[in-house]
Amino acid sequence: MIISMVFLVLILLLVAVLTVNTLNASKNARKLSEFKPFYNEKETEYYVNRLGKMIQCKTVSVKDSYDDTEFAKLRNVMTELFPTVHKVAEKMTFSDDCWIYKIKGHDENRNIMLMSHHDVVDVTGEWMHDGFGGEIADGKIWGRGTVDTKTPLFAEFSALEELLSEGFVPPCNVWIGSSHNEEIGGDGIPTALKYFQENNINFEVILDEGGALIEPPLGGMKCDKCGMVAVHEKGRISLICTANANSNPASLTTADKMTPIERMSAFINEITTNDVFIRRINPQVEAMFKHLGPYCGFPMNMLFANLWIFGGIIKKVMPKINAQAGGLIGTTCTFNNIDGSSASKKCTAKAFVRPVDEKDFHEDLKKFEQIAEKYDIIVEMTEDSEYHGPADMSKPQFEYTMNCIGEVFPQYPASPFILPAGTDARTLTDVCPCVLRFAPIKLSAQQLGSVHSENENIDVDSVANCVAFYKHYIKNYK
């Protein structure tokens, strides 16, 4: 009887703690409120028509080739649209056409940078409107670059053009960085990085593409969009695995020796079918759950408010939700470019590894190599492998960015997340402790899916609101 009573009391205490934590999380979260438009219909039309001139420049980047014709056309358009910026700013060009603009502030020892690349992928497939027409139809502007990423670039320049025309002097140096070959992983921003390093130029915050106002990433949320700010990009590690026609390890000796292909197949099977890598809810994912949890319904809000007890369950469930969710809690590995034949004396395979945490990856790599050794397989890392650290979310610039989203878009919650894709900004973590990836554009599922696909478009009011965000961000930065 006494044991039953003690057990009941403990259960009640646990329920009370879980409930209090859930209520506190909800109480401390920003309350969503009604959005009030910043611009009227005429002003919105003005912005969209100007953006259309940029969309009409076919700045397609091509691997191992550069034709300046359309890029020169865009430079002329930018000079025409933003004369004050071009008068006030110091402009530098790196590689063929990577723009770096510097607007001096009151404190010239401090720097922030806004980024958006101006190259695009080519138009393919069937489009409802001209892919480079910048046409306005159905409340949207259509064309390559409307999402990725000429709209944010237009808005950054528009914000500075208007502020500078009013006589505004920023509190610190404001930079704009825009590369001409982001889409092909080019040398634009990496070349600019060398300049920053050589001149000891560091940034308090860098804001690039990567996140946006998108549909909620968690089910059951009480909003139709979330401001998702990428604070980290998964690493890109390429491992070349080679099985030569040498003797098999003793543990695999059979009547017939295993061929290099058989050993490679067994190795790949063990890596891909067993959970060999470390899994954990890292700080970026934990922060995402804590930011979004209060806007979820029961029981998700309780789970995310009490990760101390439910974290283990969530960690096990995430990989079963989908591969992308599972990729947030640890290293992922896929094999491709497998080369070998029955007559070949060796078999090679390329493993594409995406680590989240650098320390965990070193342990994961040891495990990977141990399994490879078991099958007498040599592992070599390629020179193009890269890992860049996450943003420091304890920096005031992170909190400032989150607050700006709430102030400009009060109807949406904001949250950090880990970006599986790649941006130019990842290379700048050596000169900035707080590299963030957020473009203030509202995107439907179709619009998000139109990136690098057909019918890329954005709502006309999103263009104006994008300008409003950058004006607010620059004007109120301390």
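Residues numbered from 1 in each chain as written. Predicted model: local features only at pLDDT ≥ 70, side-chain atom pairs only at ≥ 80, totals over all residues. Heavy atoms only, no water.

Peer 1: What exactly am I supposed to notice about the overall build of the protein here?
Peer 2: From N to C terminus, the protein includes 15 helices and 16 strands. Computed over its C-alpha atoms, the radius of gyration of the protein comes to 25 Å, within 12% of the 23 Å expected for a compact globule of 478 residues. Counting across all 478 residues of the protein, residues that qualify as buried make up 53%. Partitioning the contacts of the protein with sequence separation of at least 6, the portion at a separation of at least 24 is 79%. Considering the protein, the positive charge centre built from 47 side chains and the negative charge centre built from 62 side chains are found 6 Å apart. (Helix = DSSP H or I, 4+ residues; strand = E, 2+ residues; numbered from the N terminus. Rg over C-alpha atoms; globule rule 2.2 N^0.38 Å. Buried < 20%, exposed > 50% of the residue type's maximum accessible area, 1.4 Å probe, protein only. Contact = heavy atoms within 4.5 Å. Lys, Arg positive; Asp, Glu negative; His and termini not counted. Charge placed at Lys NZ, Arg CZ, Asp CG, Glu CD.)

Peer 1: What is the right way to read helix H10 (residues 307-321) from this model?
Peer 2: In an α-helix there are 3.6 residues to a turn, and that puts residues three or four apart on one side. Across its 15 residues, H10 extends only 18 Å between first and last C-alpha, which sits more than 12% below the 21 Å expected from 1.5 Å per residue. At Ile313, H10 shows its maximal bend, which comes to roughly 30°. The complete set of buried residues in H10 reads Leu307, Phe310, Gly311, Ile314 and Met318. In the core, the buried residues of H10 are packed alongside helix H1 (2-28), helix H8 (283-292), helix H9 (300-305) and helix H11 (323-326). (Expected span 1.5 Å × (residues − 1). Bend = angle between axes of the 7 residues up to and from the residue.)

Peer 1: Would you mind going over helix H15 (residues 460-475) with me for this structure?
Peer 2: Taking 1.5 Å of rise per residue, the 16 residues of H15 would be expected to cover 22 Å, and the 23 Å separating its terminal C-alpha atoms lies within 8% of that figure. Burial runs high along H15: 13 of the 16 residues are buried.

Peer 1: What's the story with the nonpolar core in this structure? I'm lost.
Peer 2: In a soluble, globular protein the nonpolar side chains are often hidden away together inside. Formed by 96 residues in total, the largest nonpolar core has its most connected members in Phe289, Leu436 and Phe469. In this view, Phe289 contacts Leu218, Ile281, Phe304, Leu307, Ile314 and Met318; residues no more than four positions away in its chain are not counted. Of all hydrophobic cores here, the second largest spans 24 residues; its members include Cys333, Phe335, Tyr375 and Ile377. (Core = buried A, V, L, I, M, F, W, Y, C linked by side-chain atoms within 4.5 Å.)

Peer 1: Would you mind showing me how to read the side chain of Gln397 here?
Peer 2: Among the structural elements, Gln397 can be located in helix H13 (residues 396-408). In terms of polar contacts, Gln397 uses its side chain to reach the side chain of Tyr477, at 3.3 Å. Aside from chain neighbours lying at most four places away, what touches Gln397 is Glu204, Val205, Cys434, Leu436, Tyr473 and Tyr477. (Polar contact = N/O pair within 3.5 Å; in protein donor to acceptor, adjacent residues only side chain to side chain.)

Peer 1: Explain the pattern of salt bridges to me, please; I cannot follow it from the model alone.
Peer 2: Any two side chains of opposite charge can pair, so long as their charged atoms come close to each other. Counted according to the given criterion, the structure contains 15 salt bridges. Between Asp360 and Arg280 there is a salt bridge, with its nearest N and O atoms 2.7 Å apart. Of the two residues, Asp360 sits in helix H12 (residues 358-374) while Arg280 sits in the loop between helix H7 (260-273) and H8, which places them 80 residues apart along the sequence. Assessed through its relative accessible area of 38%, Arg280 is described here as partly exposed. Between Glu386 and Arg426 there is a salt bridge whose closest N-O contact spans 3.0 Å. Placement of the pair is Glu386 in the loop between strand S13 (377-381) and H13 and Arg426 in the loop between strand S14 (414-419) and strand S15 (435-437), with a sequence separation of 40 residues. In this structure, Glu386 and Arg426 share a single accessibility class: buried. One salt-bridge network, in which partners are shared between bridges, spans Asp68, Arg75 and Asp97. (Salt bridge = Lys/Arg side-chain N within 4 Å of Asp/Glu carboxyl O.)

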